[in-house]
Amino acid sequence: MDRNIAFLELKYGNIYGGYPNYYAISEASLLVFELDSNKIFLETFANNADVNIIHVSSEVNELGNTIGKKREVINMKTGRQTEYNEEFRMDEQALDNAFYKLRPSRRFVKGFFMKNLRKYNVRDIITFDGRRDIFLVEKSQVEFRYQRIHDVQKEITEETNYLFSLNKLAKVINFQQDMSFLRSNNLQYRLHPIAARQIYPGSAAFDAARLLMVHNEFKEHKDDFLLKAALLVNKIEMANNNK
């Protein structure tokens, strides 16, 4: 790998009342990690189209297990949240209007990625189960012609024979974050205050930060990582058996 690697995370959702197979990017985060200095650079794009999308979040327990899904309707421009109604459907005119408002988003997404991939000379991009993320970015006419894309979830699954979620792996590495540092079992990286303000639960930047720490724990402290991953799996299986 070259000396800068980037961690890519998106937030996206269906248009509320629209087609279930159409996704709009609401947020994109590119966290760049400088290997020589351990410096973190964080770039974030927020879509401000006046469109309501469905945001789905996982409710997890102390082991990182998903115990429920929460659906909310969020307006990307105002951030206003409204209650989700499964039966709601837009008429064709309203849906066409939503598509019209989203049309410039592709240009903005393309500009965000092309600018920052060049700015940081990124050659390696790390994703976590990132096929849809890459697909949605490429639909905005971003070409990863000069980048190599690595899916760390796939690598970890091959090592452990277990499909971990990012929530579970955050438990494995004991991910912690405050306004000054990112921390895990064996690692600690200083955060610039501007980057720290972007990292909060539910954001693309938060997932990118967790992905950085998971990736580096896995690559740099693999034995410890695999041991703690196995311990978590044992706890999960014991909890399931006791139900």
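In case you missed it, the structure is sitting above this.
> Looking at this structure, I do not really get the overall build of the protein. What am I missing?
Scanning the protein from N- to C-terminus turns up seven helices and eleven strands. Radius of gyration (C-alpha) of the protein: 19 Å, near the 18 Å computed for a compact globule of 243 residues. For the protein, the proportion of contacts with a sequence separation of at least 24, taken over those separated by at least 6, is 65%. As displayed, the protein offers around 13,500 Å² of accessible surface, 46% of which is attributable to carbon and sulfur atoms.

> Help me understand the pattern of salt bridges in this model?
Opposite charge on two side chains makes pairing possible when the charged atoms of those side chains draw close. By the definition in use, this model includes 13 salt bridges. Arg210 is the salt-bridge partner of Asp207, the closest N and O atoms lying 2.8 Å from each other. Here Asp207 pairs with Arg210, and both are found in helix 6 (residues 204-220), just three residues apart, close to one helical turn. Take Arg210: its relative accessible area is 9%, and that puts it in the buried class. Beyond isolated ion pairs, a larger network of salt bridges with shared partners links Lys11, Asp207 and Arg210.

> Can you help me understand the sheet that holds strand 9 (residues 176-177) in this one?
Hydrogen bonding along the main chain pairs the strands of a sheet, whether they run parallel or antiparallel. What the three strands build is an open sheet, ordered 9-10-11; its pairing is antiparallel. Bordering the open sheet on either side are strand 9 and strand 11 (188-190), each of which pairs with just one other strand. Examined bridge by bridge, strand 10 (residues 181-183) and strand 11 share three bridges and lie antiparallel to one another. Residue Phe181 lies in a different strand from strand 11, and its bridge partner there is Arg190.

Reading the values: the criteria
Residues numbered from 1 in each chain as written. Predicted model: local features only at pLDDT ≥ 70, side-chain atom pairs only at ≥ 80, totals over all residues. Heavy atoms only, no water. Helix = DSSP H or I, 4+ residues; strand = E, 2+ residues; numbered from the N terminus. Rg over C-alpha atoms; globule rule 2.2 N^0.38 Å. Contact = heavy atoms within 4.5 Å. Areas by Shrake-Rupley, 256 points an atom, 1.4 Å probe, with all protein chains shown as cover. Salt bridge = Lys/Arg side-chain N within 4 Å of Asp/Glu carboxyl O. Buried < 20%, exposed > 50% of the residue type's maximum accessible area, 1.4 Å probe, protein only. Pairing = 2+ DSSP bridges.

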